[in-house]
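# Observations on the three-dimensional arrangement
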Amino acid sequence: SYGSLMWDPGFHFDEVRLADLDGFQRRFTYRTIMGRGTPERPALMLSLEARPGCCRGLAFRIAADRVEEESAILWRREMLRGGYAPAMVPMQTPQGPIEALAFVSNPSHPSYVGELPFVETAAMIASGKGILGTNRDYLVQLATQLEALGIEDPYVAQLHAEIGVAPGM
């Protein structure tokens, strides 16, 4: 988990760990007109972009006897529009290495816009709004959760500062 699953997983799990995924970083590269955006006020959602660096997030373990049911909930949420590419990837956790499912960028999806110029990204996040709330709120929730977990992400912090919201608000 590198985005909204960190504060709102929406499925039952038995364990959660901090996890590092090398070779990927959070980026707002997925344009959406659902949820936190509309055609008039589109939003940008996070994806995991393959790029140098490391993304620190959370890894959830689902109990074996519930893995099918809980994974189906997760799959419906993340793969509803096919905007991500599911991948089993190696991660490092304080308890040791694991292999886990991650939903990474799908550059072939029509809503994939890639990494836009920073000013354009910030403007879309500042103005995006849909039935689930504002894109700004999504960014604030992300920044707040990262801060609570002690996770530093300069990209998110810079966007958070750019759109003029103080941490923890």
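Structure: see above.
Residues numbered from 1 in each chain as written. Predicted model: local features only at pLDDT ≥ 70, side-chain atom pairs only at ≥ 80, totals over all residues. Heavy atoms only, no water.

## Comments concerning the side chain of T29
Rules: Comment: elements are numbered from the N terminus, with helices defined as DSSP H or I runs of at least four residues and strands as E runs of at least two. For every residue, the accessible area obtained with a 1.4 Å probe (protein chains only) is divided by the maximum for its type, and the residue is called buried under 20%, exposed over 50%, and partly exposed between those limits. Identification of polar contacts relies on pairs of N or O atoms within 3.5 Å, with a donor-acceptor requirement for protein atoms, meaning one able to donate a hydrogen and the other able to accept it, and with residues adjacent in sequence counted only if both atoms are side-chain atoms.
Position of T29 among the secondary structure elements: in strand β1 (residues 15-32). By relative accessible area, T29 is classed as buried at 0%. Engagement of the side chain of T29 in a polar contact is seen with the side chain of E49, the distance being 3.2 Å.

## Structural notes on the pattern of salt bridges
Pairing of side chains with opposite charge becomes possible as their charged atoms draw close. This is how it is decided: We count a salt bridge whenever a side-chain nitrogen from Lys or Arg sits within 4 Å of a carboxyl oxygen from Asp or Glu.
A full pass over the atoms with the stated rule returns 7 salt bridges. E15 is the partner of R61 in a salt bridge, and the nearest nitrogen-oxygen pair spans 3.0 Å. Of this pair, R61 sits in strand β2 (residues 43-61) while E15 is found in strand β1, placing the two residues 46 residues apart along the sequence. The partner of D20 in a salt bridge is R56, with the nearest N and O atoms 2.6 Å apart.

## Things to note about the side chain of R26
One can find R26 in strand β1. On the accessibility criterion, R26 (2% relative accessible area) is buried. A polar side-chain atom of R26 sits 2.7 Å from the main-chain carbonyl oxygen of Y2. Here the side chain of R26 touches R56 through a polar contact of 2.4 Å, landing on its backbone oxygen.

## A closer look at the packing of helix α3 (residues 135-149) against helix α4 (residues 154-162)
Two packed helices can be described by the angle between their axes and the distance between those axes. Our working definition: Comment: axis = line fitted to C-alpha atoms, over the contacting stretch for helices; angle = value between 0 and 180 degrees taken between N-to-C directions. Roughly parallel means an angle under 35 degrees; roughly antiparallel means over 145; roughly perpendicular covers 65 to 115; every other angle is labelled oblique. Here a crossing is taken to be left-handed if its near helix is turned anticlockwise relative to the far helix by less than a right angle, and right-handed if that turn runs clockwise. Contacts are assigned to residue pairs that have any heavy atoms within 4.5 Å of one another. Polarity classes work like this: nonpolar for Ala, Val, Leu, Ile, Met, Phe, Trp, Tyr, Cys and Pro, charged for Asp, Glu, Lys and Arg, and polar for all others, with Gly in that last group.
In contact at an axis separation of 10 Å, α3 and α4 are set at 130° when each is read in the N-to-C sense. When the axes of α3 and α4 are compared, the pair comes out oblique. The handedness of the crossing between α3 and α4 is left-handed. Across from L139, V140, L142, A143 and L146 in α3, the residues of α4 making contact are V156, L159 and H160. Classifying every residue of the contact of α3 with α4 by side-chain character gives 7 nonpolar, 1 polar and no charged.

## A short note on the packing of aromatic side chains
The criterion, for reference: Think of it this way: a Phe, Tyr or Trp ring, Trp meaning its six-membered ring, pairs with another when their centres are within 6.5 Å, and the plane angle makes it stacked under 30 degrees, edge-to-face over 60, tilted otherwise. Here, a charge over a ring is recorded when the distance from Lys NZ or Arg CZ to the ring centre is within 6 Å and its angle to the ring normal is within 35 degrees.
Applying the stated criterion to the full structure yields 8 aromatic pairs. In textbook terms, an aromatic cluster arises when at least three aromatic residues are bridged by ring pairs, as seen for W7, F28, Y138 and Y155. Sitting over the ring of Y155, R27 keeps its end group 4.1 Å from the ring centre.

## Re the environment of L46
Tracing the chain through its elements places L46 in strand β2. Judged by relative accessible area, L46 falls into the buried class, the value being 1%. L46 sits 35 residues away from F11 along the chain, and the two C-alpha atoms are 20 Å apart. Contacts of L46, omitting those with residues within four sequence positions, involve Y2, G3, R26, R27, F28, Y84, Y138 and L142.

## What about the nonpolar core?
We count it as follows: Nine residue types can take part in a nonpolar core, namely buried Ala, Val, Leu, Ile, Met, Phe, Trp, Tyr and Cys, and a core is a set of them joined through side-chain atoms within 4.5 Å.
Within the largest apolar cluster, 40 residues are counted, with the highest numbers of intra-cluster contacts made by F28, L48 and M91. Breaking this core down by element, the ones donating at least two residues are β1, β2, α1 (67-79), β3 (84-93), β4 (96-105), α2 (118-127), α3 and α4. Looking at this core, the element that brings in the most residues is β2, giving 7 residues. In contact with F28, other than residues within four places in its own chain, are L44, M45, L46, G114, T121, I125, Y138, L139, L142, Y155 and L159.

## Some remarks on α2
Keep this limit in mind: By definition, the arc is the one covered by directions from the helix axis to the C-beta atoms.
Those residues of α2 lying buried are T121, A122, M124 and I125. Along the long axis of α2, the arc covered by the buried residues comes to 165°, so they all point the same way. Structurally, α2 contributes buried residues whose contacts are with β1, β2, α3 and α4.

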